[in-house]
Amino acid sequence: MLQANYFDGRSTRVRVVNLSVAGEDLIIAGEDVNFRIPFVDVTVDERLGRAPRRLRLKDGTFCEVRDLEALDTLLSLTAHRDGWVDRMQRHVQFVLFSIFACALLAIAAYQWGLPWAAAKGAQVLPPAMGRTLSMRTLKVLDGSILLPSKIGEERRRTLSARFHALRLPEGGTPRSELLFRSSPQLGANAFTLPDGTIVALDDLLAVIGDDRQILAVLAHELGHAHGRHSLQLLLRSSAVGAFWALYVGDISSLLAAAPAAIVEASYSQDLERQADDYGAALLRHNGMSPALLADALEKLAAAHAEASKGGGYLSSHPATDARMRRLRHQAASFGDE
Amino acid sequence: MNSVSESESPAQGSSPRAPEQVHFSGNGAEYFGIWIVNLLLSIVTLGIYSAWAKVRRLQYFYRHTELAGSSFDFHGSPGKILIGRVIALAMLIAYNFSVRLHSPLTIVILVVIALVMPWLLRNSFRFRLYNTSWRGTRFHFRGAVGASYRVFLLNGFLTLITFYVMAPFMHQRLKAYQHGNSWLGRTQCSFHAGAGQFYLIYLLLLAAAVAFAFVIGASGIGGALATFAQVHKEGGHANPAAVFRALAILYGALILLGISIGPAFHALITNLVWNSTRVGEHRIECNMSPFALIWITASNFVLVLLTLGLFIPWAMVRLAKFQLESVRLLPAGDLQEFVAAEPESIGAVGEEAASAFDFDISL
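From a predicted model like this one, the values you see are computed outputs, not experimental measurements.

### Details of the overall build of chain A
Part 1 of the reasoning: Assigned secondary structure in chain A consists of twelve helices and eleven strands.
Part 2 of the reasoning: The contacts of chain A with a sequence gap of at least 6 include a subset with a gap of at least 24, amounting to 57%.

### What to know about the overall build of chain B
Part 1 of the reasoning: Counting its secondary structure elements, chain B contains twelve helices and eleven strands.
Part 2 of the reasoning: Per-residue burial over chain B gives 35% buried out of 363 residues.
Part 3 of the reasoning: Counting only contacts in chain B whose residues sit at least 6 apart along the sequence, the fraction spanning at least 24 positions is 69%.

### Digging into the sheet that holds strand β3 (residues 25–30) of chain A
Residue and element names in this part refer to chain A.
Part 1 of the reasoning: The strand order across the open sheet formed by seven strands is β4-β3-β2-β1-β7-β6-β5, and the pairing between neighbours is antiparallel. Whereas interior strands pair on both sides, the edge strands pair on one side only; in this sheet they are β4 (33–38) and β5 (43–44).
Part 2 of the reasoning: Across five bridges, strand β1 (residues 2–7) lies against strand β2 (residues 15–22) in antiparallel orientation. Note that in β2 the partner of Leu2 across the bridge is Leu19.

### Digging into the sheet that holds strand β11 (residues 198–201) of chain A
Residue and element names in this part refer to chain A.
Part 1 of the reasoning: A sheet is described by the order of its strands in space; here four strands give the open sequence β8-β9-β11-β10, paired in mixed fashion. Two strands bound the open sheet, and with one partner strand each, they are β8 (147–148) and β10 (190–192).
Part 2 of the reasoning: Bridging between β8 and strand β9 (residues 178–182) involves two bridges; their strand directions are antiparallel. In the sheet register, Leu147 faces β9, and the bridge partner there is Ser182.
Part 3 of the reasoning: This element, helix α7 (residues 211–226), spans β10 and β11 of the sheet and lies at about 20 degrees to β10.

### Let's talk about the packing of helix α4 (residues 104–130) of chain B against helix α5 (residues 145–161) of chain B
All names here are of chain B.
Part 1 of the reasoning: Orientation of α4 relative to α5, taken along the N-to-C sense of each, is 115 degrees, at an axis distance of 9 Å. The chirality of how α4 crosses α5 is right-handed. Residues Ala114, Met117, Pro118, Trp119, Leu121 and Arg122 of α4 form the contact with α5, whose own contacting residues are Val145, Ser148, Tyr149, Phe152 and Leu153.
Part 2 of the reasoning: Tallied by class, residues from the contact of α4 with α5 come to nine nonpolar, one polar and one charged.

### Quick word on unusual backbone geometry
Part 1 of the reasoning: For Arg228(A), which is not a glycine, the phi torsion comes out positive at approximately 50 degrees.
Part 2 of the reasoning: Positive phi, normally seen in glycine, also occurs at Leu308(B), with a value near 55 degrees.
Part 3 of the reasoning: The topology assignment puts Leu308(B) in the loop between α10 (290–306) and α11 (312–324).

### Description of the nonpolar core
Residue and element names in this part refer to chain A.
Part 1 of the reasoning: Counting residues in each nonpolar core, the largest one holds 39 residues, and the members touching the most others are Ala200, Leu204, Val217, Leu218 and Leu293.
Part 2 of the reasoning: Listed by contribution, the elements that provide at least two residues to this core are β11, α6 (202–208), α7, α10 (269–285), α11 (291–306) and α12 (320–334).
Part 3 of the reasoning: Non-local contacts of Ala200, meaning those with residues more than four positions away in its chain, are made with Leu178, Phe180, Ala190, Leu205 and Leu218.

### Observations regarding the pairing of β1(A)
Residues and elements named next belong to chain A.
Part 1 of the reasoning: When you tally the buried positions in β1, you get five out of six residues, the bulk of the element.
Part 2 of the reasoning: As paired elements, β1 and strand β7 (residues 62–65) share three bridges and run antiparallel to each other. Bridged to Asn5 within β7 is Glu64.

### Things to note about the pairing of strand β6 (residues 53–56) of chain A
All names here are of chain A.
Part 1 of the reasoning: Strand direction decides the pairing type here: β5 and β6, joined by two bridges, are antiparallel. For Thr43, the partnering residue across the bridge sits in β6 and is Arg56.
Part 2 of the reasoning: Examined bridge by bridge, β6 and β7 share four bridges and lie antiparallel to one another. Directly across from Arg53, in β7, lies its bridge partner Val65.
Part 3 of the reasoning: With antiparallel pairing between neighbouring strands as the criterion, β6 and β7 make up a hairpin whose turn holds five residues, including Gly60 at a positive phi of roughly 90 degrees.

### Brief notes about the confidence of the model for chain A
Detailed reading of the predicted model is not advised wherever pLDDT is low.
Residue and element names in this part refer to chain A.
Part 1 of the reasoning: When pLDDT is averaged across chain A, the result is 82; 86% of the residues are at 70 or more.
Part 2 of the reasoning: Confidence, expressed as mean pLDDT per element, reaches its minimum in chain A at helix α9 (residues 258–267) with 44 and its maximum at β7 with 94.
Part 3 of the reasoning: Counted against residues more than four places away or in other chains, residues 250–267, with its pLDDT under 50, gives 35 contacts.
Part 4 of the reasoning: A low-confidence stretch, residues 308–312 stays under pLDDT 50, and its non-local contacts, those more than four residues away or across chains, total 14 contacts.

### As for the environment of Phe141(B)
All names here are of chain B.
Part 1 of the reasoning: If you trace the backbone, Phe141 turns up in strand β6 (residues 137–141).
Part 2 of the reasoning: Through-space distance from the C-alpha of Phe141 to that of Thr65 is 21 Å; in sequence the pair is 76 residues apart.
Part 3 of the reasoning: Contact partners of Phe141, with chain neighbours within four places excluded, come to Phe125, Arg126, Leu129, Asn181 and Ser182.

What counts and what doesn't
Residues numbered from 1 in each chain as written. Chains lettered and ligands numbered in written order. Predicted model: local features only at pLDDT ≥ 70, side-chain atom pairs only at ≥ 80, totals over all residues. Helix = DSSP H or I, 4+ residues; strand = E, 2+ residues; numbered from the N terminus. Contact = placed C-beta atoms within 7 Å. Buried ≥ 20, exposed ≤ 12 C-beta atoms within 10 Å, placed from the backbone. Pairing = 2+ DSSP bridges. Axes fitted to C-alpha atoms, helices over the stretch in contact; angles between N-to-C directions. Left-handed = near helix turned anticlockwise from the far one by under 90°. Nonpolar A, V, L, I, M, F, W, Y, C, P; charged D, E, K, R; others polar. Core = buried A, V, L, I, M, F, W, Y, C linked by C-beta atoms within 7 Å. pLDDT = per-residue confidence, 0-100.

Take a look at the structure:
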């Protein structure tokens, strides 16, 4: 015998009833209620903690049961079986397993899933979008930290000509535009916009000097353009931001914005390596040594050390020593130097 | 086990009865199992299960909430929520794309979103209320579509062009629309707070925000000045560490705001809104202490951070218990008299769109 509250679904009136099982049937008996129905026509709410459970009948009426142990005893007399999610939620080992599985899945998604999805996504996005983004970014930069280049017209034309004469490993010549600017804030730097436009800064040309080494740096930037790396970074940071908003959002949506910015900076290392590899391949394809890029990096590292803790090319291009070693190793196996 | 609370037994005309306190019996450890399994299944199914997870989460909280000896229930169907989420996601992507692109298309998309949003928010109220029941009787939202455009679009526009001077007025109109058009079965709710009462709380908020800005300004100004000095000295080369520190001050201030003035404002507004709402002739009393809510929000925040999120279920249960148990119903008569209305069919698009665009409609 099990006591429950019966509701007719048409009003908030409470009727106290007793529930019992006879054979295949459920018997509901109480003040002006007396039913006998096959148990197969009764839907039992799944267990949710200590919440009252309802036995729902097909006509929209139901019994609300608070004595969960007595209900379990009653259900054991019937063909009712708990759902699999219900069993998982109450199984201590499975809950512990879930914690580790969630953590592992999160790490895997961050480590491999996100870069993979961003790389795929960057290839799928329409080129027009990269174009619009670049024009906007350049407009903002030109109005703030970028100044017109002070490099002589002739030098720029020579560099441009040599840059556009480069043959790409995948065939053809660079479609990227090459722009010259100067910037006291950014120092010796070069960067690639989402549509592949490469911006070379005066200080970079001044610090490196040698045209072939400058071309090596531009080859590296072509690697960024080829892999659409700036779009990838954009997608990665958007995804991380969205995830945090969902996960932490319940408690404090304020935290949500912070990690995206922090993650973006630490993320670029694998992309730098990809760009180095592409640059090295491009240099070899044009009969030049990957060591040229390593030499350029060395000069930039020296200039960077001089300018103390300032920004510059290397702050956005981490682990320079490792990269130089890698490039020189590639050059050695290529057979020059 | 006594199934019916004592104040509930046979009706005696319409004489006032003892207040009915809302009880919440959820438990963090118990909810943890549900939460983590929800999370795992949502990840493994690439988010598809999240609709079922949402139903389980809401059912956990609704069914542990008890008034006059009977618990609430949530009836939303996971299928409808999933469809709503897919549409909401598409809208969110279109919106994010257009905002980043800054093309003429942006304006078109923004206008379209502005035009459908009031309708979606109204549907969101309808979905949530229709799928909430107490003692087998469902709630309903019967606000007109036209009124939703007045409340959200026209008042939103007025609020913007008056530099938020009209914000408390808009808030009052929103609550009057939301609560005044809510029904429990065939019993309509009513809303009795005037705009003046909202202005009073907003003025308090403004005063607190000014005081907060003053304190943060005084303590953060040293760091900010140091950063600027450094930028100056090193010929425009900002020290990353200094920039990071400046950012930390900024985020710190935002978080501090979110766990101090935010909850205090929430408590005051929630008290006002519920104290001014009646279900038929039955009054509601809400007495949430702003200081207690600050303490709960702040300590939850710290504990969630320290446990890398594992405390979230306890934090949610703790917050829900505090908020729900500060509400009492003051019955004017028999609570057995509510009569159900005709069944309806409502999609979940509105609710999911509203939550995707992060409209907090809970205040």
